Amino acid sequence: MADLRTIIESLGQGWTGDPAAMDSLLADDVVIEAPFAAGGPARWDGREAWLAHAVPAREAFPVRLDRFTVLTLHETTDPEVAVLEYELAGAHPVTGERAGARFVGVLRVRDGLIAGWREYQDTHAILQALS
């Protein structure tokens, strides 16, 4: 079981090259939501549902992320919940052009595992980076 700081470090490792670092911290019954995703709101109930989506999406993602920066971590009055502001950045493998986007994640950690993750994305920056 991991503490909040270890979980955040594992998220960064997951996004920048080692998805197992992040995936191993998901509770079996995790709920992952992206209310403002570019394709419309999305929700995955359970670790297996998330991985069924995430594994092929990672393989198809055209930008290789190489930087995860925590901008701010807000701990809340609920000891299970924190709000994480962060930036992901990387390079397009064909053009070499670098880009980044900011995110806000509402993270629920229970018994050392991620039980809930609600991510608010800068969809404009993501679309710009992918174009």
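Structure first, text after, so check above.
Here is what the cut-offs are and how they apply
- Residues numbered from 1 in each chain as written.
- Predicted model: local features only at pLDDT ≥ 70, side-chain atom pairs only at ≥ 80, totals over all residues.
- Heavy atoms only, no water.
- Salt bridge = Lys/Arg side-chain N within 4 Å of Asp/Glu carboxyl O.
- Helix = DSSP H or I, 4+ residues; strand = E, 2+ residues; numbered from the N terminus.
- Buried < 20%, exposed > 50% of the residue type's maximum accessible area, 1.4 Å probe, protein only.
- 1 Å grid on protein atoms, 1.4 Å probe; cavity = no way out; pocket = protein on both sides within 12 Å on 5 of 7 lines; lining within 4 Å.
- Points joined across faces, edges and corners; volume = space filled by probe spheres on them.
- Nonpolar A, V, L, I, M, F, W, Y, C, P; charged D, E, K, R; others polar.
- Core = buried A, V, L, I, M, F, W, Y, C linked by side-chain atoms within 4.5 Å.
- Contact = heavy atoms within 4.5 Å.
- Expected span 1.5 Å × (residues − 1).

Let's talk about the pattern of salt bridges
Two side chains bearing opposite charge may form a pair once their charged atoms approach each other closely.
At step 1: Per the stated rule, a full pass over the model turns up 11 salt bridges.
At step 2: The residue glutamate 33 makes a salt bridge to arginine 118 at a minimum N-O spacing of 3.3 Å. Of this pair, glutamate 33 sits in strand 1 (residues 26-34) while arginine 118 sits in strand 6 (residues 113-121), and the two are 85 residues apart along the sequence.
At step 3: Between arginine 47 and glutamate 48 there is a salt bridge, with its nearest N and O atoms 3.6 Å apart.
At step 4: Residue glutamate 48 is classed as exposed on the basis of its relative accessible area of 56%.
At step 5: Here the salt bridges do not stand alone but share partners, grouping Glu33, Arg43, Asp45 and Arg118 into one network.

Topic: the layout of surface pockets
At step 1: Taken as a whole, the largest pocket spans an internal volume of roughly 1200 Å³.
At step 2: Around the largest pocket sit 43 residues that line it, and Trp15, Phe61, Leu65, Glu119 and Gln121 are the ones nearest its centre.
At step 3: Ranked by residues supplied to the lining of the largest pocket, first place goes to helix 3 (residues 47-60) with five residues.
At step 4: Its residues assigned to classes, the lining of the largest pocket shows 29 nonpolar, nine polar and five charged.

With respect to the nonpolar core
At step 1: Among the nonpolar cores identified, the biggest contains 25 residues, and Leu11, Trp15, Tyr86, Leu107, Ile114 and Trp117 are the most heavily contacted of them.
At step 2: Elements with a minimum of two residues in this core: helix 1 (4-15), strand 1, helix 3, strand 4 (81-91), strand 5 (98-110) and strand 6.
At step 3: Excluding residues within four positions of it along the chain, leucine 107 makes contact with Leu4, Ile7, Ile8, Leu11, Glu80, Val81, Ala82, Ile114, Gly116 and Trp117.

What to know about helix 3
At step 1: Taking 1.5 Å as the rise per residue, helix 3 with 14 residues should run 20 Å; its terminal C-alpha atoms sit 20 Å apart, in good agreement.
At step 2: Turning to helix 3, its buried residues are Arg47, Trp50, Leu51 and Ala54.
At step 3: In this structure, the buried side of helix 3 is in contact with helix 2 (19-23), strand 1 and strand 2 (42-45).

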